[in-house]
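# Coordinate analysis (summary)
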Amino acid sequence: MLLSRFFVPVLKENPKEAEIISHIYMLRAGMIQQSASGIYSWLPLGKIVLEKITEICRREMLKAGANEILMPTLQSAEIWKESGRYEDYGKEMLRIKDRNNRNLLYGPTNEELVTEIFRTHVKSYKELPLNLFHIQWKFRDELRPRFGVMRGREFLMKDAYSFDVDYNSSIKSYNIMFMAYIQLFKKMGLKAIPMKADTGPIGGDLSHEFIIIADTGESEVYVERELLNFKDSLTNINYEDDLQEKVNKFTSFYAATEEKHDASNFDNKNNTLIKTRGIEVGHIFHFGQKYSSPMRATISDRQGDNIPVFMGSYGVGLSRLVGAIIEANHDQNGIIWPSEISPWDYNIINLKSGDNDCDNICLKLYNFINNNTSNVLYDNTDERAGAKLARADLIGLPYQILIGPKGIKEELYDLKCRKSGEISRLSYNELLNFVQMNA
RNA sequence: CGGGCCAUAGCGCAGCCUGGUAGCGCGUCCGUCUGGGGGGCGGGAGGUCACAGGUUCGAAUCCUGUUGGCCCGACCA
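Residues numbered from 1 in each chain as written. Chains lettered and ligands numbered in written order. Predicted model: local features only at pLDDT ≥ 70, side-chain atom pairs only at ≥ 80, totals over all residues. Heavy atoms only, no water.

What chain A contains, in helices and strands, is 13 helices and 23 strands. Compactness check: chain A gives a C-alpha radius of gyration of 25 Å against a globular reference of 22 Å for 439 residues, within 12% of the reference. Taking the principal axes of its C-alpha atoms as reference, chain A extends roughly 80 × 60 × 40 Å. Across the 439 residues of chain A, 53% fall into the buried class. A sequence separation of at least 24 residues applies to 71% of the contacts in chain A between residues at least 6 apart. Taken as a whole, chain A presents about 20,800 Å² of accessible surface, with 47% of it coming from carbon and sulfur. Each charge class in chain A was averaged separately, 54 positive and 59 negative side chains, and the resulting centres sit 3 Å apart. (Helix = DSSP H or I, 4+ residues; strand = E, 2+ residues; numbered from the N terminus. Rg over C-alpha atoms; globule rule 2.2 N^0.38 Å. Buried < 20%, exposed > 50% of the residue type's maximum accessible area, 1.4 Å probe, protein only. Contact = heavy atoms within 4.5 Å. Areas by Shrake-Rupley, 256 points an atom, 1.4 Å probe, with all protein chains shown as cover. Lys, Arg positive; Asp, Glu negative; His and termini not counted. Charge placed at Lys NZ, Arg CZ, Asp CG, Glu CD.)

Structural data, given as structure tokens:
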């Protein structure tokens, strides 16, 4: 992509409405624009990142055997009355009337809809287990939206729902999602820690939050040091296997958010417990027959009896992840994208546009990288070097390649690693090698 | 929903207290000198001062109301 043709309205100064770092950088890097409190337009740079995250999530869900569907944003109030939540949900639910005065709502979540789909089509245990997921925008009319996309009213989520014939098999489904979550966050270049979560009063017995560790995170968390460094060799998971043991590996560590932290539950004699901060980016939840029962989503079991199906739900906050990733990966100059979700791998910076030698080498390199399965953003604009460098740091691509008269004279060009700040001076051929090896 | 604060050019702000017809920095446009960390010089464009009403000869400024936004708290992915 040529920067001269890319719409990325960067801001030099901090917008006054933003307080936390991810919000500030998303606005300054031209990723989003606020439309109303907690509601955002996604500009090209933000959209690309959001899409990358979404795609990784989707791929892992499919690998784990889930089926993708797409449920609408607007839902009929009818099924919510069935589950009893139309009254219970309160003011967070945005209620709308259509021209015929029918009650609609902008979906804050989808248990009712998916249960309705399930009960219409699935009647027998033979069709189970089943996992349906979708990726869709939701709306919750929060009391107080804040922190940019981390706590918006409109947000993109992946929701999966599992259906099983009995408790034991539903735990298996839960474990599959647990391991899929470990995988998908890893594929985003993130360290996500599963933590036991409260399930509330309603009979659920199993729930985990997945938390990204970030100094600027919203809540305090307590984690065993070993879990932070826990590198499991799970490159390939066979979801057909019994995963309980693998799940146990993770859950055997102590990890808790502030609300659930209880020092007496952990023997900290080796001082291995770390207090840090984190951001919740996923939540998995086993809730049994909570919805299937009132909504009569029943199946025939092996005995021929009709029983409410066992369910679980599994969410990932995709739009929130964009903010969370920035919270976990930035410095005072801007964003530092993990290479897995970076909009591009390389940022070629022409330090003197208009200079024949600079233009030629940049263009040659640009074409080479594009032809070698890597992605590259080429800053071919006519701005001053300083402005380009500052903008490159703000946008935060993993590698910057600096081409200027100085380098051309010495035939050595700067390759800067955004994360470490390290600069290698490489010949043109060494640069090509680096790109090929790194692809 | 309780408490605090804000709204003036695309962005960040001053002016308001003490009313007299709007200014600074950045950005933007033209020219020029520049060119390795958000340049220099010269010239230009851009604002019904959030909206509505009131006081006044006169309102960005004083008064009332409305709308929108931000922060702290309670709540949540």
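This paragraph deals with the domain arrangement of chain A. For chain A, the assigned domains read domain 1 (38-330) and domain 2 (346-437). Each of domain 1 and domain 2 has a C-alpha centre, and the two are 41 Å apart. (Domains from an automatic or database assignment.)

Now for the sheet that holds strand E5 (residues 94-97). In spatial order, the strands read E4-E6-E5; together these three strands make up an open sheet with antiparallel pairing. The two strands at the open ends of the sheet, each matched to only one other strand, are strand E4 (74-76) and E5. Taking each pair of neighbouring strands and ignoring which way they run, the sheet shows an average axis angle of 40°. With four bridges joining them, E5 and strand E6 (residues 103-106) adopt antiparallel strand pairing. In the sheet register, leucine 94 faces E6, and the bridge partner there is tyrosine 106. (Pairing = 2+ DSSP bridges. Axes fitted to C-alpha atoms, helices over the stretch in contact; angles between N-to-C directions.)

Another aspect to go through is the sheet that holds strand E22 (residues 413-417). Pairing is mixed in the open sheet, where five strands are placed in the order E20-E19-E21-E22-E23. Only two strands of the sheet have a single neighbouring strand rather than two, namely strand E20 (376-379) and strand E23 (423-426). Taking the axes of each pair of neighbouring strands and ignoring which way they run, one obtains an average angle of 20° across the sheet. Examined bridge by bridge, strand E21 (residues 399-403) and E22 share four bridges and lie antiparallel to one another. In the sheet register, tyrosine 399 faces E22, and the bridge partner there is cysteine 417. In the packing of helix H11 (residues 385-395) onto the sheet, contacts are made with strand E19 (346-350), E20, E21 and E22, and the angle to E19 comes to roughly 170°. Helix H13 (residues 428-438) rests against E19, E21, E22 and E23 of the sheet, and its axis sits at about 120° to E23.

Mapping leucine 45 onto the fold places it in helix H2 (residues 44-63). Look at leucine 45 and you get buried, because its relative accessible area is 0%. Along the chain, leucine 45 and isoleucine 395 lie 350 residues apart, while their C-alpha atoms are 8.8 Å from each other. Leucine 45 has contacts with Phe6, Val8, Ala29, Gly30, Met31, Pro343, Trp344 and Ile395, leaving out every residue within four places of it along the chain.

This paragraph deals with the protein's contact with RNA strand B. Taken together, 39 residues lie near RNA strand B, and Lys12, Arg144, Gly152, Asp393 and Asp414 sit nearest. Within 4 Å of the protein, the contacting atoms of RNA strand B are drawn from sugar and phosphate to the extent of 41%. Side-chain polar atom of glutamate 13 to a base nitrogen of RNA strand B: 2.9 Å apart, as the coordinates give it. Between RNA strand B and serine 37 there is a distance of 2.7 Å, counted from a phosphate oxygen to a backbone nitrogen or oxygen. Those elements giving two or more residues to the surface near RNA strand B turn out to be strand E1 (32-36), H11, helix H12 (405-410) and E22. Broken down by element, the residue count for the surface near RNA strand B peaks at six residues, all from H11. Residue classes in the surface near RNA strand B are distributed as eleven nonpolar, seven polar and 21 charged. (Near = heavy atom within 4 Å. Polar contact = N/O pair within 3.5 Å; in protein donor to acceptor, adjacent residues only side chain to side chain. Nonpolar A, V, L, I, M, F, W, Y, C, P; charged D, E, K, R; others polar.)

A few words on the packing of helix H10 (residues 356-370) against H13. What describes two packed helices is the angle between their axes and the distance between those same axes. Two elements in contact, H10 and H13, have axes separated by 11 Å at closest approach and are oriented at 25°. Our classification of the angle between H10 and H13 gives roughly parallel. For the pair H10 and H13, the sense of crossing is right-handed. Side by side, H10 and H13 meet where Ile361, Lys364, Leu365, Phe368 and Ile369 of the first sit next to Tyr428, Leu431, Leu432, Val435 and Gln436 of the second. Of the residues in the contact of H10 with H13, the class split is eight nonpolar, one polar and one charged. (Parallel < 35°, antiparallel > 145°, perpendicular 65-115°, else oblique. Left-handed = near helix turned anticlockwise from the far one by under 90°.)

Let us now look at the packing of aromatic side chains. Taken as a whole and assessed by the stated rule, the structure comprises 16 aromatic pairs. Taken together, a centroid distance of 5.0 Å and an interplanar angle of 85° make the contact between phenylalanine 6 and tryptophan 344 edge-to-face. Here phenylalanine 6 is found in the segment before helix H1 (21-28), whereas its partner tryptophan 344 is found in the loop between strand E18 (334-335) and E19, with 338 residues between them in sequence. Both residues of the pair, phenylalanine 6 and tryptophan 344, count as buried. Aromatic pair phenylalanine 285 and phenylalanine 287: ring centres 6.1 Å apart, planes at 50°, arrangement tilted. Three or more aromatic residues joined by ring pairs form one cluster here, namely Phe178, Tyr181, Phe185, Phe210 and Phe250. The ring of tyrosine 86 carries arginine 95 above its face, with NZ or CZ at 4.7 Å from the centroid. Lysine 364 extends its terminal NZ or CZ atom over the ring of tyrosine 428, reaching a point 4.8 Å from the ring centre. (Phe/Tyr/Trp six-rings, centres within 6.5 Å; stacked < 30°, edge-to-face > 60°. Lys NZ or Arg CZ within 6 Å of the ring centre and 35° of its normal.)

Moving on, we get to the pattern of salt bridges. Counted under the stated rule, the structure contains 23 salt bridges. Arginine 151 is the salt-bridge partner of glutamate 142, the closest N and O atoms lying 2.6 Å from each other. Put simply, Asp331, Asp393, Lys416 and Arg418 are held in one network by salt bridges that share partners. (Salt bridge = Lys/Arg side-chain N within 4 Å of Asp/Glu carboxyl O.)

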